[in-house]
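The lines below spell out each chain.
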Amino acid sequence: MVNLPIGPANLDNVIGQIGEASDAMSTNLRDVAIIGSGFAGSLIANSLAQAGMDVVLIEAGLPMDDETHARQRRRETFANSDEAEVFAPYTDLIAPQDRGYKSGSYIQEAAADRFEGQYMRLTGGTGLAWLGTALRMCPNDFLMQTMYGRGRDWPVSYDDLEPWYCAAEEAIGVAGSPEADTSLNSSRSKPFPMPAIPQSYADKYVIDRIGGLHFDSREISIVPTPQARNSVDGYNGRPLCEGYSSCVPLCPAGAKYDPLVHLRLALLNGAELLAGSAVSKLDASEDGRITSAWFETSDGSTGRVQARAFVLAANGIETPRLLLQSNHQRAAGLANESGLVGRNLMDHVEKHSWAIVPDQIFPYRGPQSTSGIELFRDGPFRRDRAAFRTALRNDGWRNVSGAPFEYKPLSSAAVGLLELVDQQHLIGEDLFNNVHRLGIRQFALQSVVEMLPDPANRVALSSEIDRLGLPRPKIQFRLDKYSRHGIAAAARLHREIFRKLGCNVTDIGIHIQDDRTASDAGGSHIMGTTVMGNDPTTSVVDANCTAHHHRNLFVAGSAVFPTGAAANPTLTICALSLRLAQHLKATMRAL
């Protein structure tokens, strides 16, 4: 077990006065400037600060109050907020220029498929609101073109990343068992740091009743999902998971890993955080070296950071946006000689289905998902359709319809609290009995479906400007037949599971949209807009995440993913980040 010295550092006290800091920064050459403080930025910052480097993180979001009572205040904010769920606990911390855009800071091209990816520019990034799923990609995910004639190959292999997966699992504290990997031929050189989170009663109910069920000639196996939450009290200073079923958007106990863990450590190790500072452009010298990052603060002042190396660790939308809007020296922006900055935008599209099962399964207990079906993340079918993984939900219909309130009516059988009160006029014991009757039998499935890279799916700059006078990102996005066929396959699997469980036909919902191959939601796994590769004409960064034409500019996070696979990307982000940090430590003298 690793027990890191995580102390109660108050981030407000660490950064001091941002205006004063920006004046000092204009004349001081730092070792590394990191733009963004999410999973990638915080891990890299801590690793470099531990090595004695002079590190500064520049973050558009406001500083996070990290005192011991802050989590309670976040719970109260969440409970009283009418914002979209993922934003609800954090609206006062989001970059001020984003607050007027409740549906996201980007705009979207009309007459296209809806891009559903959400993100927050705040200290710690969107990782403050993630579910905690920490899956490895499998070996064939790195070889899509070679194995299946689809997408692109990565310039790194599973074997290259395997030791870094181990390091990432240890760093963020993953609880799991090897079943999630063995069915996909994913070797493992070290065990998980913690045993798996116990499977829920609902998980075991389904496992007991679908034994022997086959789909696409494979017998279905439901296995524990690797999760970055504590099954051992005290691992890395975090408490044991208490099962509140509100992992998204807030773990009330603090058992789930979030990027503030390593941001605290980075600050304690000497890194500096400039919060409330939105980077507007990067300067480059004639030989391609990045020399400065210019930022604007929440009070309207301007500052500059000079460094020997720069790491872009924003996300798959904000990173290409910054490169494209840094066009005052190069018309196409920075790192864009290939023309691929912003292109090949991917997310995970999703299939959601719901049912009323015959027996009481008592949802809304434990993490929001503790088990899944991983078998269909890989196979020869990927030549023709997308892979997917299927999560068993522990939170009833919340993820499908907003239960218990039901803001999306599903059918006459899927009634919620608002309908029972407003339409059926139930009160008192009648209301309680109906909520109880339905609530304890709610069950839902969620499949996460891969996308292929497509240069036409992209992030560009719009003519509309934000409150800083900068162009807002514009999304162009269409869902291809490959992913639509994956969604259709996931729907068939859902139907077979509900049938095997003995659900009445009138008590299941497979399709909640008129377009049966459309995505029901986005995974908010924004990938692929600065892809890595060996050829500078067909990629933006190399295998070490170095921009091909800027030897001191690095990109961290899922923007470098050549393909998206069907695994949640966070663990791969963390593995690549630790690998990049090691590369920076080894090459800093030459930068």
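Note that this is a predicted model, so its numbers are computed, not measured.

Peer 1: I keep staring at the overall build of the protein and nothing clicks. Help me out?
Peer 2: For the protein, the helix and strand inventory stands at 15 helices and 19 strands. A compact globule built from 591 residues would reach a C-alpha radius of gyration of about 25 Å, and the protein, at 23 Å, matches this within 12%. The principal-axis extents of the C-alpha atoms in the protein amount to approximately 70 × 55 × 50 Å. For the protein, the proportion of its 591 residues judged to be buried stands at 61%. Long-range pairs, those at least 24 residues apart, make up 75% of the contacts in the protein with a sequence separation of at least 6. Roughly 21700 Å² of accessible area belongs to the protein as shown, and the carbon and sulfur atoms make up 49% of that amount.

Peer 1: Before we go on, may I ask you to explain the nonpolar core in this structure?
Peer 2: Across soluble globular proteins, nonpolar side chains have a tendency to be buried as a group. Formed by 153 residues in total, the largest nonpolar core has its most connected members in Leu282, Val311, Leu501 and Leu584. Setting aside chain neighbours within four positions, we find Val311 in contact with Val32, Ala33, Ile34, Ile35, Ile44, Phe554, Ala556, Leu580 and Leu584. Trp397, Val400, Ala403 and Ala444 belong to the second largest nonpolar core, which has seven residues in total.

Peer 1: Looking at this structure, I do not really get the packing of helix 6 (residues 158-172) against helix 15 (residues 570-587). What am I missing?
Peer 2: Where helix 6 contacts helix 15, the axes come no closer than 8 Å and their chain directions differ by 105 degrees. Considering the angle they form, helix 6 stands roughly perpendicular to helix 15. Each of Leu161, Trp164, Tyr165, Ala167, Ala168, Glu169, Ala171 and Ile172 in helix 6 lies in contact with helix 15, whose residues at this interface are Leu571, Thr572, Cys574, Ala575, Leu576, Leu578, Arg579 and Gln582. Taken together, the residues that form the contact of helix 6 with helix 15 break down as twelve nonpolar, two polar and two charged.

Peer 1: I'm lost on unusual backbone geometry in this one. Help?
Peer 2: Negative phi is the rule for most residues except glycine; trans is the rule for most peptide bonds. Of the consecutive residues Val248 and Pro249, the connecting peptide bond is found in the cis state with omega at 10 degrees. Tracing the sequence through the fold places Pro249 in the loop between strand 6 (223-224) and helix 9 (260-268). We note that Asn236 has phi near 50 degrees; this positive angle belongs to a residue other than glycine. Taking relative accessible area as the criterion, Asn236 reaches 0% and is therefore assigned buried. Not every positive phi belongs to a glycine, and Tyr364 is a case in point at roughly 70 degrees. Along the chain, Tyr364 falls in the loop between strand 11 (349-356) and strand 12 (369-373). What makes Tyr364 partly exposed here is its relative accessible area of 30%.

Peer 1: What is the right way to look at the sheet that holds strand 15 (residues 458-465) in this model?
Peer 2: Across a sheet, paired strands are connected by hydrogen bonds in the backbone, their directions being either parallel or antiparallel. In spatial order, the strands read 3-16-15; together these three strands make up an open sheet with mixed pairing. Edge positions in the sheet fall to strand 3 (107-108) and strand 15, since each has one partner strand and no second. With five bridges joining them, strand 15 and strand 16 (residues 471-476) adopt antiparallel strand pairing. The partner of Ala460 across the bridge, within strand 16, is Lys474. Docked against the sheet, helix 10 (residues 318-325) engages strand 15 and strand 16, running at close to 65 degrees with respect to strand 15.

Peer 1: Explain the packing of helix 3 (residues 39-50) against helix 15 here, please?
Peer 2: The axes of two packed helices give the description: the angle between them and the distance between them. Axis separation between helix 3 and helix 15 bottoms out at 9 Å; the angle between their running directions is 30 degrees. The handedness of the crossing between helix 3 and helix 15 comes out as right-handed. For the pair helix 3 and helix 15, contact is made by Phe39, Ala40, Leu43, Ile44, Ser47 and Leu48 and by Thr570, Ile573, Cys574, Ser577, Leu578, Leu580, Ala581, Leu584 and Lys585, respectively. In the contact of helix 3 with helix 15, the residues fall into eleven nonpolar, three polar and one charged.

Peer 1: Looking at this model, I keep getting lost on the pattern of salt bridges. Mind explaining?
Peer 2: Pairs can form between side chains of opposite charge once their charged atoms are near each other. Under the counting rule described, the total for this entry stands at 24 salt bridges. One salt bridge connects Glu272 with Arg30, and the closest N-O pair in it is separated by 3.1 Å. Within this pair, whereas Glu272 is found in strand 7 (residues 272-274), its partner Arg30 is found in strand 1 (residues 29-35), the two being separated by 242 residues in sequence. The partner of Asp141 in a salt bridge is Arg382, and the shortest N-O contact between them spans 2.9 Å. Residue Asp141 is found in the loop between strand 3 and helix 5 (144-148), and its partner Arg382 is found in the loop between strand 12 and strand 13 (388-393); the two are separated by 241 residues along the sequence. Of the two residues, Asp141 and Arg382, neither departs from the other in class, the shared state being buried. Put simply, Arg136, Glu162, Glu169, Asp181 and Arg188 are held in one network by salt bridges that share partners.

Peer 1: Sorry, what's going on with the state of the cysteines here?
Peer 2: The term disulfide refers to a covalent linkage connecting the sulfur atoms of a pair of cysteines. A complete count under the given rule lists zero disulfides for this structure. Here Cys138 is not disulfide-linked; the sulfur of Cys166 is the nearest cysteine sulfur, at 16 Å. Exposure remark for Cys138: the relative accessible area of 0% places this residue in the buried category. For the unlinked cysteine Cys251, the closest cysteine sulfur is that of Cys241, found at 6.5 Å. Take Cys251: its relative accessible area is 13%, and that puts it in the buried class.

Peer 1: Mind showing me how you'd approach the environment of Pro226 here?
Peer 2: If you trace the backbone, Pro226 turns up in the loop between strand 6 and helix 9. On the basis of relative accessibility, which here comes to 1%, the residue Pro226 falls in the buried class. Along the primary structure Pro226 and Ile197 are separated by 29 residues, whereas in three dimensions their C-alpha atoms are 8.0 Å apart. In this view, Pro226 contacts Gly132, Thr133, Ala134, Leu135, Val174, Ala175, Gly176, Ala180 and Phe192; residues no more than four positions away in its chain are not counted.

Peer 1: What is the right way to look at the environment of Ser42 in this model?
Peer 2: Within the element layout of this structure, Ser42 appears in helix 3. For the pair Ser42 and Arg398, spaced 356 residues apart in the sequence, the C-alpha separation amounts to 31 Å. Discounting residues that sit within four places of it in the chain, Ser42 has contacts with Ser37, Leu57, Pro259, His262 and Leu263.

Peer 1: Looking at this structure, I do not really get the pairing of strand 8 (residues 277-284). What am I missing?
Peer 2: Walk down a regular strand and you will see the side chains alternate between the two sheet faces. Of all eight residues that make up strand 8, seven are buried, and the element is covered over most of its length. The pairing of strand 8 with strand 9 (residues 290-297) spans seven bridges and is antiparallel. In the sheet register, Val279 faces strand 9, and the bridge partner there is Phe295. Counting the residues between successive antiparallel strands, the hairpin from strand 8 to strand 9 contains five residues, one of them, Gly288, with a positive phi of roughly 95 degrees.

Peer 1: What is the right way to read the environment of Trp397 from this model?
Peer 2: Here Trp397 shows up in the loop between strand 13 and helix 11 (398-401). What makes Trp397 buried here is its relative accessible area of 0%. Distance in space between the C-alpha atoms of Trp397 and Arg343 is 35 Å, their sequence separation being 54 residues. Among the polar contacts made by the side chain of Trp397, one reaches the main-chain carbonyl oxygen of Phe443 at a distance of 3.3 Å.

Cut-offs used in this document
- Residues numbered from 1 in each chain as written.
- Predicted model: local features only at pLDDT ≥ 70, side-chain atom pairs only at ≥ 80, totals over all residues.
- Heavy atoms only, no water.
- Helix = DSSP H or I, 4+ residues; strand = E, 2+ residues; numbered from the N terminus.
- Rg over C-alpha atoms; globule rule 2.2 N^0.38 Å.
- Buried < 20%, exposed > 50% of the residue type's maximum accessible area, 1.4 Å probe, protein only.
- Contact = heavy atoms within 4.5 Å.
- Areas by Shrake-Rupley, 256 points an atom, 1.4 Å probe, with all protein chains shown as cover.
- Core = buried A, V, L, I, M, F, W, Y, C linked by side-chain atoms within 4.5 Å.
- Axes fitted to C-alpha atoms, helices over the stretch in contact; angles between N-to-C directions.
- Parallel < 35°, antiparallel > 145°, perpendicular 65-115°, else oblique.
- Nonpolar A, V, L, I, M, F, W, Y, C, P; charged D, E, K, R; others polar.
- Pairing = 2+ DSSP bridges.
- Left-handed = near helix turned anticlockwise from the far one by under 90°.
- Salt bridge = Lys/Arg side-chain N within 4 Å of Asp/Glu carboxyl O.
- Disulfide = S-S within 2.5 Å.
- Polar contact = N/O pair within 3.5 Å; in protein donor to acceptor, adjacent residues only side chain to side chain.

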